[in-house]
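Next come the chains, spelled out residue by residue.
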Amino acid sequence: MHFGTANAVQVEAPETGAYLLAIVEVDKADRIQCQAEGCGHSVYKRIHVVLAGLKFKVLGSQCYERLYGQASAAAPQYGSGTGRLLTAEERLVLVENTAAFIEALEAERVELERRAAAHVARQREIELAQAASRPAPPPVPEPERPQHIARDARSPLYEGGEMLRWRWRGSEALAASIADYQESPSHGPFHARVMESFKNQRWPTPYSFALDVEVKHCLPKPYIFRALDELNLIERTQQ
Ligand SMILES: [Zn+2]
């Protein structure tokens with residue numbers, strides 16, 4: 001008798017990576033509890049907000065070092081590594097709904113990008129107006145852009161705070177969507193990649209899924225949400 005690999009049960013490896021999302025600080029008088037298992041210390045400086053496995057966690061810097069020491073040199077996804085001091089209101093959101101806290105940071109990032117883009121557009125208008133009074137310069141080639149990223153692929157439905165309004169469809173609907181895809185794969189942008197990632201693991205929310213795929217594949221979350229929607233894997237909540 002021998003043990004072939006064919007019958008071996010495929011055990012999915014647990015998600016071991018932790019994504020450092022933000023480093024923040026709260027008022028000393030209003031410390032918060034480190035959420036590392038068995039720790040329970042109150043912390044206020046250099047609080048690390050991470051997505052560990054499938055959960056958001058708020059950790060003191062010592063526990064973060066202890067648990068994820070090798071990754072500790074990484075810069076957080078949002079903000080700088082200096083640890084911005086939170087207002088009392090922000091602190092409350094961080095403690096009571098960490099996902100919403102991270103969502104607010106994402107919305108802030110989207111807004112900053114929008115403003116930066118508007119600024120660039122204004123500069124360009126000024127330059128064009130100036131250029132109009134001079135002899136025409138040689139044409140500037142359009143920056144190369146991957147064909148599969150259409151400019152209109154983004155929609156407000158998949159941006160900022162809207163991302164938290166999506167949830168997974170029910171398990172029967174999900175199974176049907178997956179079966180449909182397997183029977184006749186759609187070829188929309190990123191469908192194959194998103195479906196592949198989706199099948200590998202169960203995620204508590206589409207947002208945590210998108211965050212993970214974004215980090216692993218450098219694919220902006222709005223594109224991931226669009227693909228999830230087109231693949232009939234998610235639906236909007238009413239609240
Ligand atoms: Zn701790």
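As a starting point, this report considers the structure included with it. Note that this is a predicted model, so its numbers are computed, not measured.

## A few points about the overall build of the chain
At step 1: Within the chain one finds seven helices and eight strands.
At step 2: Per-residue burial for the chain yields a buried fraction of 24% across its 239 residues.
At step 3: Across the chain, the fraction of contacts at a sequence separation of at least 24, relative to all contacts at a separation of at least 6, is 69%.

## Describing unusual backbone geometry
At step 1: A positive phi angle, near 45°, is found at Arg46, a position not held by glycine.
At step 2: As for its position among the elements, Arg46 is in the loop between strand 3 (42-43) and strand 4 (47-52).
At step 3: Phi at Asn232 takes a positive value of approximately 60°, unusual for a residue other than glycine.
At step 4: Positionally, Asn232 belongs in the loop between helix 7 (221-230) and strand 8 (234-236).

## A word on the pairing of strand 5 (residues 55-59)
Successive residues of a regular strand alternate their side chains across the two faces of the sheet.
At step 1: The buried fraction of strand 5 is high, at four of five residues.
At step 2: Relative to strand 5, strand 4 runs antiparallel, the two being bridged by five bridges. Among the inter-strand pairings, Ala52 is bridged to a residue of strand 5, identified as Lys55.
At step 3: Taking the residues between adjacent antiparallel strands as the criterion, strand 4 and strand 5 are bridged by two residues, where Gly53 takes a positive phi near 60°.

## Looking at the pairing of strand 4
At step 1: When you tally the buried positions in strand 4, you get five out of six residues, the bulk of the element.
At step 2: Relative to strand 4, strand 1 (residues 18-25) runs antiparallel, the two being bridged by six bridges. Among the inter-strand pairings, Ala22 is bridged to a residue of strand 4, identified as Val49.

## A short note on the nonpolar core
At step 1: Counting residues in hydrophobic clusters, the biggest one holds 44 residues, and the most contacted among them are Leu21, Val49, Val194, Ala210, Ile224 and Leu228.
At step 2: Secondary-structure elements contributing two or more residues to this core are strand 1, strand 4, strand 5, helix 1 (61-68), helix 3 (98-132), helix 5 (191-200), helix 6 (206-217) and helix 7.
At step 3: Here this core gets six residues from one element, more than from any other, and that element is strand 1.
At step 4: Each of domain 1 (18-103) and domain 2 (152-236) accounts for three or more of the residues forming this core.
At step 5: In contact with Leu228, not counting residues within four places along its chain, are Val194, Pro206, Leu233 and Ile234.

## Here's the deal with the environment of Lys57
At step 1: Positionally, Lys57 belongs in strand 5.
At step 2: For Lys57, a count of 20 C-beta atoms within 10 Å corresponds to the buried category.
At step 3: With 42 residues separating them in the primary sequence, Lys57 and Ala99 have C-alpha atoms 9.5 Å apart.
At step 4: Residue contacts for Lys57: discarding those within four places in its chain leaves Gln35, Val50 and Ala52.

Each value, and the rule that gives it
- Here the residue index of a chain counts from 1 through its sequence in written order.
- Where local features are concerned, this predicted model is filtered to residues with pLDDT of at least 70; where side-chain atom pairs are given and counted, the filter is 80 or more; whole-chain, interface and lining totals use all residues.
- Runs of H or I in DSSP of at least four residues are treated as helices and runs of E of at least two as strands, each being numbered from the N terminus.
- Field definition: a residue is buried when 20 or more other C-beta atoms are found within 10 Å of its C-beta, exposed when 12 or fewer are, and partly exposed for counts in between, with C-beta atoms placed from the backbone.
- Contacts here follow a simple rule: the backbone-placed C-beta atoms of the two residues must lie within 7 Å.
- Two strands make a pair as long as DSSP finds a minimum of two bridges between them.
- The term nonpolar core means buried Ala, Val, Leu, Ile, Met, Phe, Trp, Tyr and Cys residues held together as one set by C-beta atoms within 7 Å.
- Residue ranges for the domains trace back to a domain assignment, done automatically or taken from a database.

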